Amino acid sequence: MENNEKKISTAVINRLPRYYRYLGDLLESDITRISSKELSEKMNITASQIRQDLNNFGGFGQQGYGYNVEYLYNEIKKILGLDKEYNLIVVGGGNIGQALVNYTSFEKRGFVIKAVFDVNPRLIGMTIRGVEVYDVDYMEEFVKNNDVDVAILTVPRSQASKVANDLASWGVKGMWNFSHVDIQVPDDVVVENVHLTDSLMTLFYKLNELYENEDFKSETSDDEE
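Now for a description of the structure that goes with this document. Fair warning: this is a prediction, and the values are worked out from it, not measured in the lab. (Residues numbered from 1 in each chain as written. Predicted model: local features only at pLDDT ≥ 70, side-chain atom pairs only at ≥ 80, totals over all residues. Heavy atoms only, no water.)

Some words on unusual backbone geometry
Stage number 1. You will see that D30, though not glycine, has its phi angle at about 65°, which is positive.
Stage number 2. When you line up the elements, D30 lands in the loop between α1 (10-28) and β1 (33-34).
Stage number 3. Assessed through its relative accessible area of 66%, D30 is described here as exposed.
Stage number 4. One non-glycine residue, H180, lies in positive phi territory at about 60°.
Stage number 5. Following the sequence through the fold, H180 ends up in the loop between β8 (174-177) and β9 (190-193). (Helix = DSSP H or I, 4+ residues; strand = E, 2+ residues; numbered from the N terminus. Buried < 20%, exposed > 50% of the residue type's maximum accessible area, 1.4 Å probe, protein only.)

The following block contains the structure:
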């Protein structure tokens, strides 16, 4: 299932975790096979879109049979890189950082948080679900002496760029950034910026659009009476 030459669109990549989640639910329900039509009804994606998405990686389906759920689940697991374990650190031990450390599903996916770093003396030395909070001054030594795949950044936006570039210079190749600013790092470092307020504003846009449509329908109905 090598596919190094073909460029996969961001939209397809963004749908892969959703496929993985739904297939996992099907496995837990002891469903062994499913057609693209049945999967489309569960996911609210067209069957054609599902086939197109999966054809980017080889297809996996059989004519007249559909998809073997366990096989497809495991193949998508490999595509997402979830067939191995990753070491993570959290930089910033405040509310968001602590909430992420307390999220037990990370370990189920192979994401193991090894340490938390902060500048606050009240946090340094404490443990969060067994993970110790260290002084940020120790972070360089820790990173250089441990295999750290990803750093989760929950620091103030004013500090995010320096922290990210320090981590990149120490060899960290992946960053999950919650710092409310898009950080710029070398090309060989992968960053996923998470803007929680952007998601909330998108929700409110859709909510207001819904209200406006309901008002329009109401006004139209009144005019007809």
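Some thoughts on the pairing of strand β6 (residues 131-135)
Stage number 1. As paired elements, strand β4 (residues 111-118) and β6 share three bridges and run parallel to each other. By the bridge assignment for β6, V116 is matched with V133.
Stage number 2. Bridge count between strand β5 (residues 127-128) and β6: two bridges; the pairing is antiparallel. Residue pairing for β6: T127 is matched across the bridge by E132.
Stage number 3. Remark: two residues form the turn of the hairpin made by β5 and β6, two consecutive strands paired antiparallel; R129 in that turn has positive phi of roughly 50°. (Pairing = 2+ DSSP bridges.)

Re the layout of surface pockets
Stage number 1. Taken as a whole, the largest pocket encloses approximately 1400 Å³ of empty space.
Stage number 2. Looking at the largest pocket, it is lined by 30 residues, and the ones nearest its centre are P17, L80, L82, F111 and E192.
Stage number 3. Breaking the lining of the largest pocket down by element, the ones donating at least two residues are α1, β3 (86-91), α6 (105-108), β7 (150-153), β8 and β9.
Stage number 4. The element contributing the most residues to the lining of the largest pocket is α1, with seven residues.
Stage number 5. Grouping the amino acids of the lining of the largest pocket by side-chain chemistry returns 20 nonpolar, four polar and six charged. (1 Å grid on protein atoms, 1.4 Å probe; cavity = no way out; pocket = protein on both sides within 12 Å on 5 of 7 lines; lining within 4 Å. Points joined across faces, edges and corners; volume = space filled by probe spheres on them. Nonpolar A, V, L, I, M, F, W, Y, C, P; charged D, E, K, R; others polar.)

Focus: the sheet that holds β8
Stage number 1. Strand order in the open sheet formed by seven strands is β5-β6-β4-β3-β7-β8-β9, with mixed pairing between adjacent strands. Looking at which strands have only one partner, the edges of the open sheet turn out to be β5 and β9.
Stage number 2. Two elements, β8 and β9, share four bridges in a ladder whose sense is parallel. Paired with G174 across the two strands is V190, which belongs to β9.
Stage number 3. Each of β3, β7 and β8 is contacted by helix α8 (residues 157-169), which is oriented at about 170° to β7, the strand it contacts most. (Contact = heavy atoms within 4.5 Å. Axes fitted to C-alpha atoms, helices over the stretch in contact; angles between N-to-C directions.)

Considerations on the packing of aromatic side chains
Stage number 1. The final tally for this structure, using the stated rule, is 13 aromatic pairs.
Stage number 2. With a centroid separation of 6.3 Å and an interplanar angle of 50°, the aromatic rings of Y86 and F111 are classed as tilted. A residue pair is termed long-range when its members are at least 10 positions apart, and Y86 in strand β3 and F111 in strand β4 qualify at 25 residues.
Stage number 3. The rings of Y86, Y103, F106, F111, W176 and F178 are connected pair by pair, giving a single aromatic cluster. (Phe/Tyr/Trp six-rings, centres within 6.5 Å; stacked < 30°, edge-to-face > 60°.)

A short note on the nonpolar core
Stage number 1. Among the nonpolar cores identified, the biggest contains 22 residues, and I89, V91, M139, V143, L153, L167 and M175 are the most heavily contacted of them.
Stage number 2. Counting only elements with at least two residues in this core, the list comes to β3, β4, α7 (139-145), β7 and α8.
Stage number 3. Among the elements that make up this core, the one with the highest residue count is α8 (five residues).
Stage number 4. Ignoring sequence-local partners within four residues, the contact set of V91 consists of F117, M139, I152, L153, T154, V155, V163 and L167. (Core = buried A, V, L, I, M, F, W, Y, C linked by side-chain atoms within 4.5 Å.)

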